[in-house]
Amino acid sequence: QVQLVESGGGVVQAGGSLGLSCAASGTFFSINSMGWYRQAPGKQRELVARVTSGETTNYSDSVKGRFSISRDNAKNTVFLQMNSLKPEDTAVYYCGATVDTSPVVRRAYWGQGTQVTVSS
């Protein structure tokens, strides 16, 4: 069983910054990718940023240049630094990870979500 526990989030004014973190715990072989996704009311969940075990990153176009994702492999933790926040960044942010629970089994896991609200 793998758990993803998120922290951070909250309410911030437009132009401000927030940081999110997500720690993976449980029994597993290794973690492949870790990332952040978000879902605004009435919209589908979308990728925000993702980082692989080899430190390759990719970002949605809407956050490039404003958000930065990083990862601490030793602590199985992923961070998202969000700068220059806009009201349209308001959403529930979910941590997601693809985890190798054995050398031949890879599964996706999700955190419980954390609310980010950007006021104008």
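Note that the structure is a prediction, hence the values are computed from the model and not measured. Residue numbers here run from 1 along each chain, matching the order of that chain's written sequence. In keeping with the predicted nature of the model, local features appear solely for residues at pLDDT of at least 70, side-chain atom pairs appear and are counted solely at 80 or more, and the whole-chain, interface and lining totals rest on all residues. To obtain the side-chain values, all non-hydrogen atoms of the structure were used and water was disregarded.

## Regarding the nonpolar core
Among the nonpolar cores identified, the biggest contains 29 residues, and Trp36, Val48, Phe67, Val78, Leu80, Met82 and Tyr93 are the most heavily contacted of them. Among the elements of the structure, strand S1 (2-8), strand S3 (18-26), strand S4 (30-39), strand S5 (46-51), strand S7 (67-72), strand S8 (77-82), strand S9 (91-102) and strand S11 (114-119) are those that each provide at least two residues to this core. Helix and strand definitions follow DSSP, with helices as H or I runs of at least four residues and strands as E runs of at least two, each counted in order from the N terminus. Here the element with the most residues in this core is S9; it accounts for five residues. Ignoring anything within four residues of it in the chain, the contact list for Tyr93 reads Glu6, Leu20, Trp36, Tyr37, Arg38, Val48, Phe67, Leu80, Met82, Gly113, Thr114 and Val116. Residues grouped as a nonpolar core are buried Ala, Val, Leu, Ile, Met, Phe, Trp, Tyr and Cys residues, joined through side-chain atoms within 4.5 Å. Throughout, exposure labels follow a simple rule: accessible area from a 1.4 Å probe, protein chains only, divided by the maximum for the residue type, with under 20% read as buried, over 50% as exposed, and the rest as partly exposed. By definition in these notes, contact holds between two residues if any of their heavy atoms fall within 4.5 Å.

## Side note on the state of the cysteines
When two cysteine sulfur atoms are found within 2.5 Å, that pair is recorded as a disulfide. In total, this model carries one disulfide according to the counting rule given. Across a sulfur-sulfur distance of 2.1 Å, Cys22 and Cys95 are joined as a disulfide pair. Torsion about the S-S bond of the Cys22 and Cys95 cystine: about -80°, corresponding to left-handed handedness. Of this pair, Cys22 sits in strand S3 while Cys95 sits in strand S9, and the two are 73 residues apart along the sequence.

## A look at the pairing of S11
A one-sided burial pattern is seen for S11, the buried positions being Thr114, Val116 and Val118 and the unburied ones Gln115, Thr117 and Ser119. If DSSP finds at least two bridges between two strands, the strands pair. As paired elements, strand S2 (residues 10-13) and S11 share four bridges and run parallel to each other. Note on S11: the bridge partner recorded for Val12 is Val118. Here S9 runs beside S11; their pairing, made up of three bridges, is antiparallel. Note that in S11 the partner of Ala91 across the bridge is Val116.

## Regarding the side chain of Arg38
Note on placement: Arg38 falls in strand S4. The exposure class of Arg38 is buried, given its relative accessible area of 7%. At a separation of 2.8 Å, a polar atom in the side chain of Arg38 contacts the side chain of Glu46. Side-chain polar atoms of Arg38 contact the side chain of Ser62, separated by 3.3 Å. Each residue touching Arg38, except ones within four places of it in the same chain, is listed here: Gln44, Arg45, Glu46, Val48, Ser62, Val63, Phe67, Glu88, Asp89, Ala91, Val92 and Tyr93. Polar contacts, as used here, are pairs of N or O atoms within 3.5 Å; protein pairs need one atom able to donate a hydrogen and one able to accept it. Residues neighboring in sequence count only if both atoms are side-chain atoms.

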